[in-house]
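# Reading the structure
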Amino acid sequence: MAAQTPYEVLGVKKDSSPDEIRKAYRKLAKQFHPDLNPGKPEAEARFKSISAAHDLLSDPEKRGRYDRGEIDESGVERPRYSYRPHAEGAQGWKYQPEGEIDPADLDDLFAMFGRGGPRGGPGGGFRSARGGEGFQMPGPDRQFALTIDFVTAATGGKQRLALSPEEWLDVTIPPGIEDGQVLRLKGKGGPGFGGGPAGDALIEVHVAPHPWFRREGDDIHMELPVSLAEAVLGARVPVATLTGPVTMTIPKGSDTGAQLRLRGKGIRRKRRGTETAGDQYVTLKVVIGDSGDEELAKFVEEWAKTHPSDPRRDLGQGTTQGAAAA
Amino acid sequence: MIAFREIVERFTELDAGELTRWVENRWIVPEAEDSEAAERWIFHEVDVARVELILDIRREFALDEETMSLVLGLLDQVYSLRRQMRRLCHALENQPPEIRDAIRRALPPGTQKPG
């Protein structure tokens with residue numbers, strides 16, 4: 001509750017002249033002066049407020065500031081009620097002809113700027129001339145990320161992408177897509193404004209690594225473990241390719257690091273009408289593993305006596321064979 | 001919540017009849033403003049700030065009531081536009097940089113504030 005105004009304290013009207021204020025003050029001051037009212041604290045309190053009211057109202061500048069609401073009855077600066085933060089604050093909408101626009105209804109917002117001005121409301125106001133061009137703007141592009149497996153990236157295919165919890169899109173993956181490539185799907189972005197076209201969906205594709213395939217351009221590389229017997233005697237072994245297993249011949253006496261080529265088993269794609277295909281390169285890795293038992297050891301011991309060899313005789317600077325096994 | 005009487009007391013330049021008329025003009029819109037009794041009206045800080053604004057304008061420019069209506073109508077439109085603009089800017093701020101760039105590029109020349 002507001003305290004008594006200084007006008008009320010002195011019992012004068014708001015438009016009283018300085019003379020009237022002085023007279024009212026003198027009369028009350030005499031009545032409530034502490035010397036004339038000993039032992040009456042309420043009179044003393046009253047006298048103080050009378051003096052304060054008179055201080056304020058007898059000074060034309062202070063009185064003016066008080067009248068304008070700049071200071072309160074005790075002369076203390078009042079916080080200025082700047083209107084702007086209020087107008088733009090939570091309550092300000094009630095003075096604004098447009099009211100609140102539902103964020104879902106962006107058309108309203110653009111209509112407000114583009115197609116005919118305010119819709120009126122309390123306070124009326126001017127309307128901008130009609131007949132101007134409607135505001136049109138393409139919808140925003142939307143960004144998505146999609147991780148696909150290695151084989152799908154290489155051979156192409158379809159992959160499902162959630163645009164929103166309710167909206168799904170089967171994205172066609174072109175064969176040979178690379179990690180980080182961005183697919184642009186026209187018209188799958190945000191809706192346009194004012195009849196403008198929808199934006200695009202930009203899909204950044206990430207390709208998950210494969211446990212044994214590796215890509216170099218359109219070629220596929222892999223390392224194929226072979227047993228000692230397969231390497232020494234030669235064999236026909238199944239090898240995985242992008243399109244399923246094929247049988248490959250290991251030549252007799254193959255060594256670790258030997259590279260075999262499966263022609264046309266790399267990435268196939270159409271470039272300007274002609275189809276091209278990469279190859280698959282298979283690098284052999286001789287694995288002794290489980291076959292390294294006592295019997296083999298004994299045999300190699302005998303065998304080595306008559307077959308001395310030093311595979312490191314050429315080893316001057318490189319250690320590439322050792323690194324290839326990693 | 002601020003009562004009618006508090007506002008009239010606070011602003012010496014304002015009397016009860018005036019404030020009542022301002023409410024009738026819908027320059028000031030308190031809660032329960034359909035009530036006949038001014039004592040029932042409930043004002044908020046925004047209303048007090050607006051009273052102060054009207055008093056300031058009236059004192060500085062000596063406007064009559066008709067002109068004041070026009071000025072307030074225009075002011076309200078400006079604030080409404082500012083509010084919508086700010087909401088739009090806020091929405092744009094939250095877009096990925098690519099979208100913000102696209103919008104920047106889509107702005108017709110001459111509409112960008114220099115600097």
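Whatever comes next refers back to the structure up there.
I will try to describe carefully the structure that is included in this document. Just so you know, these numbers come straight off a predicted model, no measurement behind them. (Residues numbered from 1 in each chain as written. Chains lettered and ligands numbered in written order. Predicted model: local features only at pLDDT ≥ 70, side-chain atom pairs only at ≥ 80, totals over all residues.)

## Examining the overall build of chain B
Counting its regular elements, chain B contains five helices and two strands. Listing the helices and strands of chain B from first to last along the sequence gives β-α-α-β-α-α-α. The long-range fraction of contacts in chain B, counting pairs at least 24 apart against all pairs at least 6 apart in sequence, stands at 38%. (Helix = DSSP H or I, 4+ residues; strand = E, 2+ residues; numbered from the N terminus. Contact = placed C-beta atoms within 7 Å.)

## Focus: unusual backbone geometry
All names here are of chain B. Phi angles above zero are rare outside glycine, and Arg26 is one such case at about 65°. Notably, Ala62 is not glycine yet its phi reads approximately 50°, a positive angle. Counting through the fold element by element, Ala62 comes out in the loop between α3 (45-61) and α4 (65-93). The exposed category is assigned to Ala62, around which 8 C-beta atoms lie within 10 Å. (Buried ≥ 20, exposed ≤ 12 C-beta atoms within 10 Å, placed from the backbone.)

## A word on the sheet that holds strand β13 (residues 280-287) of chain A
Strand-to-strand pairing in sheets goes through backbone hydrogen bonds, with the strands running parallel or antiparallel. Residue and element names in this part refer to chain A. The strand order across the open sheet formed by four strands is β6-β7-β13-β10, and the pairing between neighbours is mixed. Among the strands making up the open sheet, the edge pair consists of β6 (214-216) and β10 (259-262). Averaged over all pairs of adjacent strands, the angle between strand axes in this sheet comes to 35°, irrespective of strand direction. Inspection of the sheet shows β6 paired to strand β7 (residues 219-227) by three bridges, in the antiparallel sense. By the bridge assignment for β7, Glu216 is matched with Asp219. (Pairing = 2+ DSSP bridges. Axes fitted to C-alpha atoms, helices over the stretch in contact; angles between N-to-C directions.)

## Some points on the sheet that holds strand β4 (residues 182-185) of chain A
All names here are of chain A. Strand order in the open sheet made by the three strands is β1-β5-β4, with mixed pairing throughout. Two strands lie at the open edges of the sheet, namely β1 (142-148) and β4, each paired on one side alone. Here the strands of the sheet are splayed against their neighbours by 25° on average, with no regard to which way each runs. Here β4 pairs with strand β5 (residues 201-207) via four bridges, running antiparallel. Opposite Leu183, over in β5, you have Ile203 as the bridge partner.

## A few points about the nonpolar core
Grouped together as the largest cluster of nonpolar side chains are 22 residues, with contacts concentrated most on B:Ile7 and B:Val51. When contributions to this core are tallied by element, the ones reaching two or more residues are α5 (83-87) of chain A together with α1 (4-10), α2 (16-24), α3 and α4 of chain B. The greatest single-element share of this core, amounting to six residues, is contributed by α3(B). When residues no more than four places from it in sequence are discounted, the contact partners of B:Val51 are B:Ile7, B:Phe11, B:Leu14 and B:Ile28. Counting 14 residues, the second-largest nonpolar core is a separate cluster that includes A:Leu10, A:Ile21, A:Ala53 and A:Tyr66. (Core = buried A, V, L, I, M, F, W, Y, C linked by C-beta atoms within 7 Å.)

## A look at the interface of chain A and chain B
Many authors give the size of an interface as the accessible area that is lost as the parts come together. Taken together, the contact between chain A and chain B spans 33 residues of the former and 33 residues of the latter. Per element, the largest residue contribution to the side of chain A that touches chain B is three residues, and it comes from α5(A). Counted by class, the side of chain A that touches chain B contains 14 nonpolar, 12 polar and seven charged residues. (Nonpolar A, V, L, I, M, F, W, Y, C, P; charged D, E, K, R; others polar.)

## Let's talk about the packing of helix α2 (residues 18-32) of chain A against helix α3 (residues 41-58) of chain A
All names here are of chain A. At a minimum axis separation of 10 Å, α2 and α3 run at an interaxial angle of 165°. On the basis of the axis angle, α2 is roughly antiparallel to α3. The two elements α2 and α3 meet at a crossing, and its hand is left-handed. Residue-level contacts link Pro18, Ile21, Arg22, Tyr25, Leu28, Ala29 and Phe32 of α2 to Ala43, Arg46, Phe47, Ile50, His54, Leu57 and Ser58 of α3. Grouping the amino acids of the contact of α2 with α3 by side-chain chemistry returns 10 nonpolar, two polar and two charged. (Parallel < 35°, antiparallel > 145°, perpendicular 65-115°, else oblique. Left-handed = near helix turned anticlockwise from the far one by under 90°.)

## Some details on the pairing of strand β8 (residues 235-239) of chain A
Residue and element names in this part refer to chain A. Here five bridges tie β8 to strand β9 (residues 246-250), and the two strands are oriented antiparallel to one another. Residue pairing for β9: Ala235 is matched across the bridge by Ile250. Between β8 and β9, which follow one another and run antiparallel, lie six residues, and Gly244 among them has a positive phi close to 120°.

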